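Structural overview
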Amino acid sequence: MTNFPVDMTVKPEVTAFFDDATNTISYVVKDPNSTSCAIIDSVMDIDYFAGRITYDHADKMIAFVRDNGLTLEWQIETHVHADHLSAAPYIQDALGGKIGIGDKIMVVQETFGKIFNEGTEFQRDGSQFDALFKDGDTYNIGGMKAFAIYTPGHTPACMVHVIGDAAFVGDTLFMPDGGSARADFPGGDAATLYDSIQRVLTLPDDMRLFMCHDYGPNGRDIQWETTVGDEREHNIHVGKGATKEEFVKFRTERDATLAVPKLIIPSLQVNMRAGEMPRDKDGNMVLKVPVNGL
Ligand SMILES: [Fe+2]
């Protein structure tokens, strides 16, 4: 089925933090046999129209880590998000640990470095991050072995992270009744996303899957956890053996109807810098708005 080193006997303790401003779910993932933990996809609060950032969501996660006496070893970004801003550097200042993302971040930095007309001081080599993962790379969280799987399609740098019996899918999949994420951002591709999803669906049936987003389709309550078997059977976009042709046609038509994410302009500028705000020559935090650039 899969040639990845899955160890379903390791069952990390997963605590979810839902951000209702952006419908993002951030996670603390704890090794059951030590105090080590990782944070997946943190969120910085922004009032974009007021030009103001705050850290209520990140502070809740920091308090949780401290209150439980945990040691933060890793912060993982599943991809360069276009709908919320990462709080990774703020959390790193408070708790330490390394920040990691897929090594295809360089492709994303090249693309958006051009769109935002960044100068030469903006490095396009991923050096803003502490670690760049390639497909199949492993790392440790205490006694737990984690590994990263390339899952491009939504963006070029998307990765799914598998930790014991749990996988953090980013925007590769939504809950079964939510289907899949859009594939029309620069560097996105519906056929590539289909192939990536098929890879994820080769993981063991009872592996727990944790979403990065949920929008409560059809009025149901927000959910973020399912299984590989449930997605394979019931996902409305790729379940029950939907073909690549069917998926690409559906995804392309749907994406053409979707509005641009409200926070795409600040999100990309911050997240391609590993969560650091861009600064002007005097060191002030500033964001650009390229007109008709996206
Ligand atoms: Fe995303």
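Bear in mind the structure is a predicted one, so any value in this text is a computation, not a measurement.

Criteria and thresholds
Residues numbered from 1 in each chain as written. Predicted model: local features only at pLDDT ≥ 70, side-chain atom pairs only at ≥ 80, totals over all residues. Heavy atoms only, no water. Pairing = 2+ DSSP bridges. Helix = DSSP H or I, 4+ residues; strand = E, 2+ residues; numbered from the N terminus. Axes fitted to C-alpha atoms, helices over the stretch in contact; angles between N-to-C directions. 1 Å grid on protein atoms, 1.4 Å probe; cavity = no way out; pocket = protein on both sides within 12 Å on 5 of 7 lines; lining within 4 Å. Points joined across faces, edges and corners; volume = space filled by probe spheres on them. Nonpolar A, V, L, I, M, F, W, Y, C, P; charged D, E, K, R; others polar. Buried < 20%, exposed > 50% of the residue type's maximum accessible area, 1.4 Å probe, protein only. Polar contact = N/O pair within 3.5 Å; in protein donor to acceptor, adjacent residues only side chain to side chain. Contact = heavy atoms within 4.5 Å.

1. Focus on the sheet that holds strand β10 (residues 144-150)
Across a sheet, strands are paired by hydrogen bonds formed along the backbone, either parallel or antiparallel in direction. Reading across the sheet, the 6 strands line up as β9-β10-β11-β12-β13-β14 and stay open at both edges, with mixed pairing between neighbours. Whereas interior strands pair on both sides, the edge strands pair on one side only; in this sheet they are β9 (138-141) and β14 (225-227). Direction aside, the axes of adjacent strands within the sheet are offset by 30 degrees on average. Bridging between β10 and strand β11 (residues 159-163) involves 5 bridges; their strand directions are antiparallel. Paired with Phe147 across the two strands is Val162, which belongs to β11.

2. Points about the layout of surface pockets
What the largest pocket holds in volume is close to 910 Å³. Those elements that place two or more of their residues in the lining of the largest pocket are β4 (45-47) and α6 (244-255). Residue contributions to the lining of the largest pocket peak at 3 residues, all from β4. Within the lining of the largest pocket, the residues separate by chemical class into 20 nonpolar, 9 polar and 12 charged. The volume enclosed by the second largest pocket comes to roughly 180 Å³. Taken together, Glu118, Gly119, Glu121, Phe122, Gln269, Arg273, Pro278, Arg279, Val286 and Lys288 make up the lining of the second largest pocket. The class makeup of the residues in the lining of the second largest pocket is 3 nonpolar, 2 polar and 5 charged.

3. Quick word on the side chain of Thr22
Relative to the assigned elements, Thr22 resides in the loop between β1 (13-19) and β2 (24-30). For Thr22, a relative accessible area of 11% puts it in the buried group. Within the local environment of Thr22, its side chain forms a polar contact with the side chain of Asp19, the two groups lying 2.5 Å apart. Side chain to side chain, Thr22 and Thr24 meet in a polar contact 2.7 Å long. Apart from residues no more than four positions distant in its own chain, Thr22 is found in contact with Val43, Asp83, His84, His213, Tyr215 and Leu263.

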